[in-house]
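# A look at the structure
Spelled out, the chains give:
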Number of protein chains: 4
Amino acid sequence: MVSFASDYIAGAHPRILERLMETNMEPLSGYGSDKYCESASEKIKKACNCPDADVYFIAGGTQTNQIVISTMLENFQGVVSAVTGHVSAHEAGAIEYTGHKVLTVPGYEGKMKAEDLMKLIKTFYGDENHEHMVFPGMTYISYPTEYGTIYSKKELEDIYAVCREYDIPLFIDGARLGYALASSQCDITLSELAALCDVFYIGGTKVGALCGEAVVFTHGNAPKHFINQIKQHGALLAKGRLLGIQFDTLFTDDLYMNISKHAIDMAEKLIDIFKNKGYEFFLDSPTNQQFIILDNDKMEELGKKVTFGFWEAYSESKTVVRFATSWSTSEEDLKYLESII
Amino acid sequence: MVSFASDYIAGAHPRILERLMETNMEPLSGYGSDKYCESASEKIKKACNCPDADVYFIAGGTQTNQIVISTMLENFQGVVSAVTGHVSAHEAGAIEYTGHKVLTVPGYEGKMKAEDLMKLIKTFYGDENHEHMVFPGMTYISYPTEYGTIYSKKELEDIYAVCREYDIPLFIDGARLGYALASSQCDITLSELAALCDVFYIGGTKVGALCGEAVVFTHGNAPKHFINQIKQHGALLAKGRLLGIQFDTLFTDDLYMNISKHAIDMAEKLIDIFKNKGYEFFLDSPTNQQFIILDNDKMEELGKKVTFGFWEAYSESKTVVRFATSWSTSEEDLKYLESII
Amino acid sequence: MVSFASDYIAGAHPRILERLMETNMEPLSGYGSDKYCESASEKIKKACNCPDADVYFIAGGTQTNQIVISTMLENFQGVVSAVTGHVSAHEAGAIEYTGHKVLTVPGYEGKMKAEDLMKLIKTFYGDENHEHMVFPGMTYISYPTEYGTIYSKKELEDIYAVCREYDIPLFIDGARLGYALASSQCDITLSELAALCDVFYIGGTKVGALCGEAVVFTHGNAPKHFINQIKQHGALLAKGRLLGIQFDTLFTDDLYMNISKHAIDMAEKLIDIFKNKGYEFFLDSPTNQQFIILDNDKMEELGKKVTFGFWEAYSESKTVVRFATSWSTSEEDLKYLESII
Amino acid sequence: MVSFASDYIAGAHPRILERLMETNMEPLSGYGSDKYCESASEKIKKACNCPDADVYFIAGGTQTNQIVISTMLENFQGVVSAVTGHVSAHEAGAIEYTGHKVLTVPGYEGKMKAEDLMKLIKTFYGDENHEHMVFPGMTYISYPTEYGTIYSKKELEDIYAVCREYDIPLFIDGARLGYALASSQCDITLSELAALCDVFYIGGTKVGALCGEAVVFTHGNAPKHFINQIKQHGALLAKGRLLGIQFDTLFTDDLYMNISKHAIDMAEKLIDIFKNKGYEFFLDSPTNQQFIILDNDKMEELGKKVTFGFWEAYSESKTVVRFATSWSTSEEDLKYLESII
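Once a new chain begins, its residue numbering starts again from 1 and follows that chain's sequence as written. Ligands are numbered from 1 and chains lettered from A, in the order in which they are written. The predicted origin of the model limits local features to residues at a pLDDT of at least 70 and limits the giving and counting of side-chain atom pairs to 80 or more, whereas totals for whole chains, interfaces and linings rest on all residues. Only heavy atoms go into the side-chain values, all of them from the structure, while hydrogens and water stay out.

## Some details on the overall build of chain A
Helix numbers and strand numbers start at the N terminus; a helix is a DSSP run of H or I with at least 4 residues, a strand a run of E with at least 2. Of the regular secondary structure elements, chain A holds 14 helices and eleven strands. When the backbone C-alpha atoms are referred to their principal axes, chain A occupies close to 60 × 55 × 35 Å. Throughout this description, buried means an accessible area under 20% of the type-specific maximum (1.4 Å probe, protein chains only), exposed means over 50%, and partly exposed covers the range between. Scored against the burial criterion, the 341 residues of chain A give a buried share of 65%. Only heavy atoms matter for contacts: two residues are in contact if any of them lie within 4.5 Å across the pair. Expressed as a percentage of contacts within chain A between residues at least 6 apart in sequence, the contacts between residues at least 24 apart total 72%. If you sum the accessible surface of chain A, you get close to 11700 Å²; carbon and sulfur atoms cover 48% of it. Throughout, the Shrake-Rupley method with a 1.4 Å probe supplies accessible areas, and for residues the shown protein chains are the sole cover considered.

What follows is the structure, given as structure tokens:
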């Protein structure tokens, strides 16, 4: 069945599989010390215009969030997130599992506001009893957010300004980073984003890889013995090449951005298709995730012909569903969609 | 350079890459709920003769050890391991990171003895102060061990008898399981092994997969909400298909055992080559890891022509090194080795 | 300076110190195994009308919350609390430190509503992705709340009904339990409260003891090897007698309730004093904590003559402050207060 | 029954109870911010000759070990202890509970050797795979040890030299510190000890207090926001005065050392009594804990007349038992002991 269920419904971009084939029999050292990890790291640093960055590869997004947050926070600190942030809502308590609280600020279509962040921090330090509270020690945002929205450059600058004022790092979850950067509404480049945070990751799993995320500590600020800490979290792959080769491929000949651009093109067409048929959108998303409000009857009917994601109940009789495009979405998929809705 | 550095120097067995190619564009559901995970699980249950087993796929070995141990132990329990066991010595404290102590018994060429296990448990319960100590709550052994040795059926039965007497589960780390089962010294089958423990895993990473281990809870005894707990540990891959397809392939047409048998054949030839040239072995390993004692001069000289692993210092002037074979070791590799040593 | 800063400004009720003196030279066994712990436990079970209860003594409130919650929850569960609950806001992340998330529902003058609890649980189980979320595994309420308010019997019954429907335990934090039970607005007894939850604790520190809380698992439902788990948390006092003797004294001749009644009498007089002078209350508290809204100038002036607690900013020019009474508050203290405000 | 079961069988030294009485009604601020904590801290810094030290009070020994170790270690580090060290053997896994491994070196009558510590560290850094292992990040010794033995100044200097060479802190568990310093075999003073480590604690619970240990970070090296971290561990007493008043009393008029000296005098007499009767000692302890080897028959017979501690089985027919003296041991106790053995 044609599927818009998510951006991880297919395997990997064919170029990635080809490279895995081509390199398959080369004997390489393990645990990320191979030449492909090295090469991918160099290409990423160049693409980010961060010559002093530290780049590491980790298999999945929740794992990356868990490791980055728990290794950068001090014992007594928590991470600030929008209440709708992935680390707050949908990671099965992976952050708390490492002993740290997720401190929340309101989410506005998935985004936090710099002023809410500032207020949380000021309230904390203004409280005489703050030694009995959790210190805000890092800010986490996702880009694009869980609702497909993206921060403007100005919004990012404002958030980062608060972080710098209070000397806490800003961490950007880029599980779908390419789909934000390729959006027509995006007003920053990859290197501008890298300059506006202390650490971020470039999502591979949802942007054409079999698995893998590339963590970039933008100014040589990786936690001490980070490989050891990845190992301690159980997350160090013996065949680190699997991640290195994939990211080396994604950052060759602009594959990462080309893939992302394709998904956005498909998303724009998908929006038109739904709009032309008079469907109601839950919010305006400029990226590859689109949220449509369906009557429950309609939802059931459509569900027999195409796969999409349940998002949340909208009312007694209506539901918000998600249609996602990705590198693997085809024109044929869209034509089929148009024919059935 | 020809390499015997480890059993994870190459990519995946070509049949696995082919299957990844063939299935690449099929839209599949995420997080291990796809048909390939289902199929692989069924094939593994059949191969193990465990119709009631619960099978899960996890990306790496340390991760698997960490998750299985921390989810099966109660808060107040620790896991008993030989002092040389992987969880005790070489996982960067991944078990302790989850809050549990690794309790150790002596290792004899990597193996624990049932009598030492019994003694540890009896001493614990015999101590008036045992409420101030860590309860032994699970037994961990690796098969083959970190030194390539394997337990006899009798030894396994004895260890499992102690576990059952005290009602603690036995967990077998099978990161290199195929290489044990394929050894001429092995006197058990996969299904016999499954009958002699409560949970074990079938290693993929070191036996031909890109990554992945298949955990088998032998009698329907998976921890509650295990998928949620894998997620909490950050270890749930969005594209679960990556693991499902690989294990489905490994358990089709006996690929897993054929791969393993090849590695053992190569290991036996490697042993002959070293023996014929008068090299000294650190111990007799019947599996794919061979430990040779080299003069340091010799080690340095050989290291320029072939890659192998440093294991441990043997004396001031000698070192134990490891030569490992795997599914990817070729007759040519061995001929080259023979020509240079 | 006369102080209404908190209910822990003085040492212990004199009768407690006397008993510590009288028993001081008796050789007793350690770690809570002494006869005074035993006797206190029996008296508490009788007072609660819970013959099958398990009673343990722990030095402080945060410690008690941390240990009870972390030992009763399964790995994959979190505890539900009002957002203003002590475990959520003012324990420096002590719950998250043990690996568990605090799931929050709104607080209404410190109290949660059964319907909000129900909604959170239903939303959780109704979400298709709940395997990626934290399971609600326990409900935590404080009685009285952090704002001095108390649940009616009906409200408690409704909350407990939700808990039983979903088979999750209800835990009542009774750090100031006596002050609730002694309140004229309270419509339940100690034994009725014990029948409406699975575990609660009777606060000693804030009700006349030097330190100590008595945890009551109401129906023999203490976590396995609870002493061991207390030890693992570092919280097992060698001289368990210190807690046993204090609680044995508090539960002899109704001392606990008499102390509490005195504090409530003093609170009622304090309310009258402030009301007669036209002061504005932040909310109506029927227990020993009273929250007054002061102009900042007034606050500064008063602060030179009497000690009270800063609570929170009310506006640019006004602040909410807390005046607390306790067993140690005297008529003289109140007269002095009346004279200066 | 007369008891030599431990050094925590009685309440507190009478002078401590008197001071608790005298100060009982003074209103004081909470959480260790009161004047008695301040005064006790000043007296301790003076006694240790450490003007820059940070002093904190924590209720119990295991708690102190847990907090000091977990807050001083980095995530990827473990603590090195003799295998017989309290943190390794008898704290119910309290260190591992915080996520850190206890790395062990041999114990010689409870003591570690500097050369074994050096060897462990060198082996670690010499191992090519040390990124897969736990970093030694702190050294823990107890003084006196769990076997009553004490390190000579030279031994301490040697251990501390290794620590400084590798830049890892030395932590001395002084649960029974007074009994070591008062021993005739002790060749250092309190201030010399303070100069030979980075952090240590002065045990109160076993040296005359109801509870409490004073942690001394010898050169202003307390972990950041240490009060917050104590709270996070659930260990911050609301009535911090309870600890402050006790330590203020113990460090007034040399009470701590006088108490300790008395216990050592009693121990020396106890040794004579057993020696004169021909009893066999398990080892020579120069402090307040004495280990005697008893025939099991004799043990049972004696156990009906006097209380002592079971230590460990010596052989099929013999057992090692512990007789401990303390500040509360009297000449009458000893006379009675002499009359029955």
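Once you've had a look at it, read on.
## Comments concerning the nonpolar core
In these notes, a set of buried Ala, Val, Leu, Ile, Met, Phe, Trp, Tyr and Cys residues joined through side-chain atoms within 4.5 Å is what counts as a nonpolar core. The biggest cluster of nonpolar side chains holds 143 residues, and the ones touching the most others in it are C:Tyr143, C:Phe200, C:Ile202, D:Tyr143, D:Phe200 and D:Ile202. When neighbours within four sequence positions are excluded, D:Ile202 is seen to be in contact with D:Ile44, D:Cys48, D:Gly174, D:Leu177, D:Glu213, D:Ala214, D:Val216, D:Phe247, D:Phe251 and D:Tyr256. Counting 141 residues, the second largest nonpolar core, distinct from the first, contains A:Val162, A:Ile259, B:Leu17 and B:Leu255.

## Digging into the pairing of strand 2 (residues 77-82) of chain D
All names here are of chain D. Taking burial as the measure, the six residues of strand 2 include six buried ones, the bulk of the element. Inspection of the sheet shows strand 2 paired to strand 4 (residues 135-142) by five bridges, in the parallel sense. Following the sheet pairing, Ser81 is matched in strand 4 by Tyr140. Strand direction decides the pairing type here: strand 2 and strand 3 (residues 102-105), joined by four bridges, are parallel. Strand pairing follows a simple DSSP-based rule, namely that at least 2 bridges must link the two strands.

## Section: the interface of chain B and chain A
On the side of chain A, 50 residues touch chain B, which itself brings 50 residues to the contact. Summing both sides of the interface, chain B and chain A together bury roughly 4000 Å²; the carbon and sulfur share of this comes to 61%. Buried area adds together the accessible area that both of two parts lose upon being put together, with accessible area traced by a 1.4 Å probe. By the criterion of area lost to chain A, the three top residues of chain B are B:Tyr97, B:Gln232 and B:Lys239, representing 18% of everything that side buries. By definition, a salt bridge exists where a carboxyl oxygen of Asp or Glu is found within 4 Å of a side-chain nitrogen of Lys or Arg. In this structure, the connection of chain B to chain A is made through zero salt bridges. Pairing of N or O atoms within 3.5 Å defines a polar contact, subject to two protein rules: one partner must be a possible hydrogen donor and the other a possible acceptor, and residues neighboring in sequence count only if both atoms are side-chain atoms. Along the contact surface separating chain B from chain A lie 24 residue pairs in polar contact (both at pLDDT 80 or more). For the side of chain B that touches chain A, the secondary-structure elements that each account for two or more residues are helix 1 (14-22), helix 3 (61-72), helix 5 (94-97), helix 10 (226-232) and helix 11 (241-250) of chain B.

## Overview of the interface of chain A and chain D
A common way to state how big an interface is: give the accessible area lost once the parts meet. Listed by partner, the interface residues are 20 residues for chain A and 20 residues for chain D. When the two sides are added together, the surface that chain A and chain D hide from each other amounts to roughly 1700 Å², 47% of it contributed by carbon and sulfur. Contact with chain D buries surface across chain A, with A:Asn75, A:Phe76 and A:His132 losing the most and accounting together for 33% of the total. The tally of links from chain A across to chain D stands at two salt bridges. One salt bridge connects D:Glu74 with A:Lys224, and the closest N-O pair in it is separated by 2.3 Å. There are 14 residue pairs in polar contact (both at pLDDT 80 or more) connecting chain A and chain D. Of all the elements in the fold, those that place two or more residues in the side of chain A that touches chain D are helix 3 (61-72) and helix 10 (226-232) of chain A.

## Concerning the sheet that holds strand 11 (residues 318-324) of chain D
Backbone hydrogen bonds hold the strands of a sheet together, and the pairing may be parallel or antiparallel. All names here are of chain D. Reading across from one edge, 8-9-11-10 is the order of the four strands in this open sheet, with antiparallel pairing throughout. Pairing within the sheet leaves two strands with one partner each, and these edge strands are strand 8 (280-281) and strand 10 (309-313). Two strands pair when backbone bridges link them, and strand 9 (residues 289-295) and strand 11 are joined in this way by seven bridges, in the antiparallel orientation. Bridge pairing links Phe291 to Arg322 in strand 11.

## Some thoughts on the pattern of salt bridges
Taken as a whole and assessed by the stated rule, the structure comprises 68 salt bridges over all chains. In this structure, A:Glu301 and A:Lys298 form a salt bridge, with 3.8 Å as the shortest nitrogen-oxygen distance. With A:Glu301 and A:Lys298 both in helix 13 (residues 296-303) and three residues apart, this pair spans about one turn of that helix. By relative accessible area, A:Lys298 is classed as partly exposed at 24%. Between C:Lys111 and C:Glu155 there is a salt bridge whose closest N-O contact spans 2.9 Å. Here C:Glu155 lies in helix 7 (residues 153-165) and C:Lys111 lies in the loop between strand 3 (102-105) and helix 6 (114-126), a separation of 44 residues in the sequence. Since its relative accessible area comes to 17%, C:Lys111 is described here as buried. What makes C:Glu155 partly exposed here is its relative accessible area of 31%. Each of A:Arg15, A:Glu18, A:Arg19 and A:Glu22 takes part in salt bridges that share partners, so that together they form one network.

## Details of the side chain of A:Thr62
On the secondary structure map, A:Thr62 appears in helix 3. Ignoring sequence-local partners within four residues, the contact set of A:Thr62 consists of A:His86, A:Glu91, A:Ala94, B:Lys231 and B:Gly234.

## Concerning unusual backbone geometry
In this structure, the amide linkage connecting B:Tyr143 to the following residue, B:Pro144, adopts the cis form with an omega of 0 degrees. For B:Pro144, the position within the fold is in the loop between strand 4 (135-142) and helix 7 (153-165). Positive phi values are uncommon outside glycine, yet C:Glu109 reaches one of about 50 degrees. With respect to the secondary-structure elements, C:Glu109 resides in the loop between strand 3 and helix 6.

## A few points about the sheet that holds strand 3 of chain C
Residues and elements named next belong to chain C. Read across the sheet, seven strands follow the order 1-7-6-5-4-2-3 without closing on themselves; strand pairing throughout is mixed. Each edge of the sheet is formed by a strand with only one pairing partner; in this case those strands are strand 1 (54-58) and strand 3. On average, each strand axis in the sheet is inclined to that of its neighbour by 25 degrees, with strand direction left out of account. Relative to strand 7 (residues 213-217), strand 6 (residues 199-203) is paired through five bridges, and the arrangement is antiparallel. Within strand 7, the residue paired with Phe200 across the bridge is Val216. Orientation is described by lines fitted to C-alpha atoms, with helices fitted over the stretch in contact, and by angles between N-to-C directions that extend from 0 to 180 degrees. Across the sheet, helix 3 (residues 61-72) lies against strand 1, strand 2 (77-82), strand 4 (135-142), strand 5 (170-173), strand 6 and strand 7, angled at about 25 degrees from strand 7, the strand it touches most.

## Let's talk about helix 11 (residues 241-250) of chain D
The α-helix winds at 3.6 residues per turn, so residues separated by three or four positions along the chain end up facing the same way. Summarising burial for helix 11 of chain D: ten of the ten residues are buried, a large majority. When we look at burial in helix 11 of chain D, the residues that qualify are D:Arg241, D:Leu242, D:Leu243, D:Gly244, D:Ile245, D:Gln246, D:Phe247, D:Asp248, D:Thr249 and D:Leu250.

## Re helix 6 of chain C
Residue and element names in this part refer to chain C. For a helix, the expected span equals 1.5 Å multiplied by the residue count minus one. In this model, helix 6 (13 residues) spans 18 Å end to end at C-alpha, consistent with the 18 Å of a helix rising 1.5 Å per residue. Of all the positions in helix 6, only Ala114, Asp116, Leu117, Met118, Leu120, Ile121 and Phe124 are classed as buried. Where the residues of helix 6 are buried, they touch strand 2, strand 3, strand 4 and helix 7.

## Some words on the environment of C:Gly99
Secondary-structure assignment places C:Gly99 in the loop between helix 5 (94-97) and strand 3. If near-sequence neighbours (up to four positions away) are discounted, C:Gly99 is found in contact with A:Glu96, A:Tyr97 and B:Gln232.

## What to know about the confidence of the model for chain A
Residue-level confidence of the predictor, termed pLDDT, takes values from 0 up to 100. For chain A, mean pLDDT is 97; residues scoring 70 or higher make up 100% of the total. Both confidence scores are given for the complex: pTM 0.97, ipTM 0.97.

## Structural notes on the pairing of strand 9 (residues 289-295) of chain A
Residues and elements named next belong to chain A. Buried residues dominate strand 9, accounting for six of its seven residues. Sheet analysis places strand 8 (residues 280-281) next to strand 9, joined by two bridges and oriented antiparallel. If you follow Phe281 over to strand 9, its bridge partner there is Ile292.

## A closer look at the packing of helix 2 (residues 35-48) of chain A against helix 11 (residues 241-250) of chain A
All names here are of chain A. The N-to-C vectors of helix 2 and helix 11 enclose an angle of 35 degrees; their axes lie 7 Å apart at closest approach. Between helix 2 and helix 11 lies a crossing whose hand is left-handed. Contact residues: helix 2 offers Tyr36, Cys37, Ser39, Ala40, Lys43 and Ile44, while helix 11 offers Gly244, Ile245, Phe247 and Asp248. Any residue outside Ala, Val, Leu, Ile, Met, Phe, Trp, Tyr, Cys, Pro, Asp, Glu, Lys and Arg is labelled polar, Gly included; the first ten of those are nonpolar and the last four are charged. Classifying every residue of the contact of helix 2 with helix 11 gives six nonpolar, two polar and two charged. Less than a right angle of anticlockwise turn of the near helix away from the far helix marks a crossing as left-handed, whereas a clockwise turn marks it as right-handed.

## Focus on the relation of the copies chain A and chain D
Here chain A sits on chain D after a turn of 180 degrees about the axis and a move of 0.0 Å along it, with an RMSD of 0.0 Å. When the rotation and shift are considered jointly, the pair of chain copies conforms to a two-fold rotation axis. The share of interface residues of chain A whose copies in chain D are also at the interface is 100%, consistent with both copies meeting through the same surface. Overlaid copies result from least-squares superposition on C-alpha atoms, with residues included only where pLDDT is at least 70 in both.

## Digging into the environment of B:Ala194
Residues and elements named next belong to chain B. Position of Ala194 relative to the elements: it lies in helix 9 (residues 190-195). In this structure Ala194 comes out as buried when scored by relative accessible area, which is 2%. Separated by 81 residues in the primary sequence, Ala194 and Lys113 have C-alpha atoms spaced 19 Å apart. When sequence neighbours within four positions are dropped, the list of residues in contact with Ala194 reads Cys48, Cys50, Phe200 and Thr218.

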